[in-house]
Amino acid sequence: MKKALLAATAVASALTASLVAAPAAPAATAAPASGRDRHDRPAIPFTEAAVTAGADGSYTLTWNAKGTARVAIKANGKVVARGGAQGRAVVKGLPAADRQWFDFTPERGERLRLADRLIALEGTANFRDAGGYRTADGQWVKMGRIYRSDALNKLTANDLAKLQRLRVKTVFDLRMQDERTKDADKVPAGARYVVADVFAGSPSFQTLPKSPDEAVKSMIDAEKTMVSGDGGKKAYTRVFEGVQNDRGRSVLFHCTAGKDRTGWANATLLTALGVPQETVMADYLASNDYRKAANEAILSHLPAAQAAVYKPLLDVRPEYLNSGYDEVKATYGTFDRYLKDGLGIDARELKELKRDLLVG
């Protein structure tokens, strides 16, 4: 087993490369959003809505819309499902597409455009859309604008062509230099590649943990470093600047497993946009589902004692993400202060970010 100086969040990469090829990602399991309405009749009346693609090419649509009696759902300009204020429908027989989009159209109010969160690629297991969640005040985060992923070094020619069609124009690599050298990114033609090394200059993670408890502690400490370390602040500032500058186009940020450094980037974005904490946590923990097959394959190749040590490194757990928020409170006092003093996002820029990425 390698004993190079790897960050705890990069161990999965070293093991995956040496033991198994990453299996295909599981079907998406979109978490329902929740929160209070901005007013009695929000512009988009849906309090919950989701699209989940099935392995057989079908799509399961679920929704809940306040204050409306009828909902029609369109795909490719045609109505494919109808129902009342609350419903579930399974749609089959749609033509193949890079992403199948559905327009949830209520009898009253604005429509909501959604797709399955997972972007099915041959070379990744955890490439997904950051959007499709409802904010606490009744707006929705646009889909098709911000993507998050695991490593891109195994992308195929078909994958790269698909990302080009999805208009991915900027790729932020959150990994360390060793990771970038060993498994260099493949990016779609015309996309800008930007290094945003979260752990740059960090003196931490000089040795691998020797027990499950040490592994958990290393993950918690890593999350804190993402928040208050110089490398983390510079990296996430760079990512947010890219999100703000690439309006109308798509931005992708990724690390090795797409769960820790990428997880904090997405949690920060969703929190800044006003998505409720329980929804942010559900999105963060979804990496356990998307990476389940890959993680189980890795652990199956290890002796039981060693697997027990590595499992906390492969997991995402509530205490990991919560340690990041705890570090925000301890270092900055409030999340808004973290955005302003840590990442350079003032009230005006935050308002512009919401205007650009929210609908409703």
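1. Section: the packing of helix 4 (residues 212-228) against helix 10 (residues 304-314)
At a closest axis distance of 8 Å, the pairing of helix 4 and helix 10 adopts a crossing angle of 15°. One finds that helix 4 runs roughly parallel with respect to helix 10. Remark: the crossing between helix 4 and helix 10 carries right-handed chirality. Here Pro212, Ala215, Val216, Ser218 and Met219 of helix 4 lie close against helix 10, whose contacting residues are Ala308, Val309, Pro312 and Leu313. A class-by-class count of the residues in the contact of helix 4 with helix 10 yields 8 nonpolar, 1 polar and no charged.

2. Observations concerning the pattern of salt bridges
Oppositely charged side chains are able to pair whenever their charged atoms sit close together. Tallied over the full model, the rule gives 22 salt bridges. Across the pair Asp129 and Arg99 runs a salt bridge, and its minimum N-O distance is 2.7 Å. Here Asp129 is found in strand 8 (residues 128-129), whereas its partner Arg99 is found in the loop between strand 5 (86-91) and strand 6 (101-106), with 30 residues between them in sequence. Each member of the pair, Asp129 as well as Arg99, carries the same accessibility label: buried. Lys311 is the salt-bridge partner of Asp315, the closest N and O atoms lying 2.9 Å from each other. Residue classification places Lys311 among the partly exposed positions, given a relative accessible area of 39%. Within the structure, one salt-bridge network assembled from shared partners comprises Asp103, Arg111 and Arg113.

3. Concerning the side chain of Ser58
Structurally, Ser58 can be placed in the loop between strand 1 (46-53) and strand 2 (59-65). With a relative accessible area of 8%, Ser58 lands in the buried category. Among the polar contacts listed, one links the side chain of Ser58 to the side chain of Asp56, at a separation of 2.6 Å. Once residues within four sequence positions are removed from consideration, Ser58 is found in contact with Thr52, Ala53, Val90, Val91 and Lys92.

Here is what the cut-offs are and how they apply
- Per chain, residues are indexed from 1 in the order of the written sequence.
- Reporting in this predicted model follows two pLDDT cut-offs: at least 70 for local features of residues, and 80 or more for side-chain atom pairs to be given and counted; totals over whole chains, interfaces and linings ignore these cut-offs and use all residues.
- Water and hydrogen atoms play no part in the side-chain values, which are based on all heavy atoms of the structure.
- Inter-axis angles, ranging from 0 to 180 degrees, are taken between N-to-C directions of lines fitted to C-alpha atoms, where helices are fitted over the stretch in contact.
- In this description a helix means any DSSP run of H or I spanning at least four residues, a strand means any run of E spanning at least two, and both kinds are numbered starting from the N terminus.
- Convention used here: angles under 35 degrees read as roughly parallel, angles over 145 as roughly antiparallel, angles from 65 to 115 as roughly perpendicular, and any remaining angle as oblique.
- Two helices cross in a left-handed way if the nearer one is turned anticlockwise from the farther one by less than a right angle. They cross in a right-handed way if the turn is clockwise.
- We call two residues in contact whenever any of their non-hydrogen atoms come within 4.5 Å of each other.
- Ten residues, namely Ala, Val, Leu, Ile, Met, Phe, Trp, Tyr, Cys and Pro, are considered nonpolar, four, namely Asp, Glu, Lys and Arg, are considered charged, and the remaining ones, Gly among them, are considered polar.
- For this document, the term salt bridge refers to a Lys or Arg side-chain nitrogen within 4 Å of an Asp or Glu carboxyl oxygen.
- The buried label goes to any residue with under 20% of its type's maximum accessible area, the exposed label to any with over 50%, and the partly exposed label to all in between, with areas taken from a 1.4 Å probe on protein chains only.
- Pairs of N or O atoms within 3.5 Å make up the polar contacts considered here, provided that, within protein, one atom can donate a hydrogen while the other can accept it, and that residues adjacent in sequence are counted only when both atoms are side-chain atoms.

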